[in-house]
Amino acid sequence: MSIGKFVDNRKGIFVTKPSLPPFDEYVEYLREIWDRGILTNMGPLHEKFRENLSEFLGVDICLPSCNGHMGLELTIQAFELQGEIITTPYTFASTTHAIVRNRCTPVFCDVREEDCTIDTEKIEELISDKTVAIVPVHVYGLPCNVDEIERIATKHGLRVIYDAAHAFGVKIGERGIASYGDASMFSFHATKAFHTIEGGCVALRDVKKAMRLYQLENFGIMGEEQVSFTGANAKMNEFEAAMGLCNLLHFSENIEKRKRVYERYESRFADLDGVRMPSPYRDDITRNYSYLPIFIDKDVCGMSRDDVYAYLALNNIYSRKYFYPLTSQFDCYRDKGYRGDTPIAERLSEQVLTLPIYADLELEKVDHICDMIINFLK
Ligand SMILES: *Cc1c(COP(=O)(O)O)cnc(C)c1O
């Protein structure tokens, strides 16, 4: 095993490329940081970013964190959850890890074929007297059926904490996605549609829980001489907040560019048998086009997802099997005997391939990628 620099010298088209703001805009903030000498610990840029974020997300409270994962893990801790948590395995490692690292037990619910989010019709049969919460994922930024989830949670007295890592800027009707559930975690990792290099935030409703999360992100420190919780360190620093402030200004423009890329793929694949793209569960959704997943049905087109993946890689196009394997199939979880049967999630994870998408991806390159796939499947 090598633990070293993660440098990739391959030439080609990668699945993502971080959006960077104009250099001078970032340097302005660097100058401020240098003049002030405050680098971290909820400095003025952190506070300014927090305010701008809340406004952008349309929520009263949101707390930046060093990354999305710690935001989610500490939110589960802040709600003092102990027992079973219903979630889906068609997600990034973080979702399941955050549950297990809090010594809770994940119970895996299957997902909907159309959009890969939790199948709300299968939640109630998984509820037991140990169930304390639901942790659904807005996969690829496609919203879960939030109204149904709220109805079920209210009926059974469960907390709802969304893994909204992919869903920054997404709206249902006029309402921002961050305002649903008890809390929503967003990831601002460099690979996400909106980023702060590393970073994330949690939007919450309850002021007391928010205070606790704030303290958990800073070692559980209540005052200079008082430490009340077994906290961690999950603070966002000033350099990351500065990146967030810059990127927020360009977010809408970036999403417009992503949309052009997305729609080009969509029109090229429209008539391709055996290749499908997911669709949101209702019409009034403002999307962020954060990923470009396609599902390849081997029975229809004769080639498997793995065949297409390998063929593209040979031609210097680097797609990803996102999400494969399911988290429930990880070495650390496979033999734990966690409940939940998820045949649809399993099939999707065998069919999925996420293709390159980022704001500056030229449409000629999109056409090149589509030509490759279309010719290969013929
Ligand atoms: C990226 C991601 C996370 C974790 O976010 P980080 O900021 O990288 O810690 C959690 N859940 C999902 C679904 C993600 O894609």
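How each quantity is defined
- Residues numbered from 1 in each chain as written.
- Predicted model: local features only at pLDDT ≥ 70, side-chain atom pairs only at ≥ 80, totals over all residues.
- Heavy atoms only, no water.
- Buried < 20%, exposed > 50% of the residue type's maximum accessible area, 1.4 Å probe, protein only.
- Helix = DSSP H or I, 4+ residues; strand = E, 2+ residues; numbered from the N terminus.
- Polar contact = N/O pair within 3.5 Å; in protein donor to acceptor, adjacent residues only side chain to side chain.
- Axes fitted to C-alpha atoms, helices over the stretch in contact; angles between N-to-C directions.
- Parallel < 35°, antiparallel > 145°, perpendicular 65-115°, else oblique.
- Left-handed = near helix turned anticlockwise from the far one by under 90°.
- Contact = heavy atoms within 4.5 Å.
- Nonpolar A, V, L, I, M, F, W, Y, C, P; charged D, E, K, R; others polar.
- Domains from an automatic or database assignment.
- Buried area = accessible area lost by both parts, 1.4 Å probe.
- Salt bridge = Lys/Arg side-chain N within 4 Å of Asp/Glu carboxyl O.

S.K.: So what's going on with helix α3 (residues 68-78)? Which residues, and what values?
M.R.: Of all the 11 residues making up α3, nine are buried; the element is thus mostly covered by neighbouring parts of the structure. Buried within α3 we find Gly 68, Met 70, Gly 71, Leu 72, Glu 73, Leu 74, Thr 75, Ile 76 and Ala 78. Where α3 begins, the side chain of Asn 67 points an oxygen toward the backbone nitrogen of His 69, at a separation of 3.2 Å. At the exit of α3 stands Glu 80, carrying a positive phi of roughly 50°.

S.K.: Describe the packing of α3 against helix α4 (residues 93-100), with residues and values.
M.R.: Their axes nearest at 9 Å, the elements α3 and α4 cross at an angle of 30°. The pairing of α3 with α4 is recorded here as roughly parallel in orientation. Seen from above, α3 lies across α4 with right-handed handedness. Each of His 69, Leu 72, Glu 73 and Ile 76 in α3 lies in contact with α4, whose residues at this interface are Ser 94, Thr 95, His 97, Ala 98 and Ile 99. Its residues placed into classes, the contact of α3 with α4 shows four nonpolar, four polar and one charged.

S.K.: I'd like a rundown of the domain arrangement of the protein, residues and numbers included.
M.R.: Splitting the protein by domain gives domain 1 (23-249) and domain 2 (251-377). Using C-alpha coordinates to define each centre, domain 1 is positioned 25 Å away from domain 2. Facing 49 residues of domain 1, the contacting portion of domain 2 comprises 39 residues. Buried surface at the junction of domain 1 and domain 2, both sides included, amounts to about 3800 Å², of which 58% is carbon and sulfur. Broken down residue by residue, the surface that domain 1 buries against domain 2 is led by Tyr 90, Glu 113 and Tyr 140, which jointly contribute 18%. Viewed at the interface, domain 2 and domain 1 are joined by four salt bridges. Taking the shortest distance from any N to any O, the salt bridge between Arg 282 and Asp 147 comes out at 3.4 Å. Along the contact surface separating domain 1 from domain 2 lie 21 residue pairs in polar contact (both at pLDDT 80 or more). Only α4, β3 (105-108), α5 (146-156), β6 (171-172) and α7 (238-269) provide two or more residues apiece to the side of domain 1 that touches domain 2.

S.K.: Summarise the pattern of salt bridges; cite the residues concerned and give the values.
M.R.: Scanning the model with the defined rule gives 25 salt bridges in all. Among the salt bridges present, the one from Glu 32 reaches Arg 36, with a minimum N-O distance of 2.6 Å. In this pair, Glu 32 and Arg 36 both sit in helix α1 (residues 23-36), four residues apart, roughly one turn of the helix. Look at Glu 32 and you get partly exposed, because its relative accessible area is 31%. The partly exposed category is assigned to Arg 36, whose relative accessible area is 33%. One salt bridge in this structure joins Arg 151 and Glu 148, with 3.0 Å as the shortest N-O distance. Here Arg 151 and its partner Glu 148 are both found in helix α5, three residues apart, which amounts to about one turn of the helix. Connected through shared salt-bridge partners, Glu 124, Glu 148, Arg 151 and Lys 155 make up one network.

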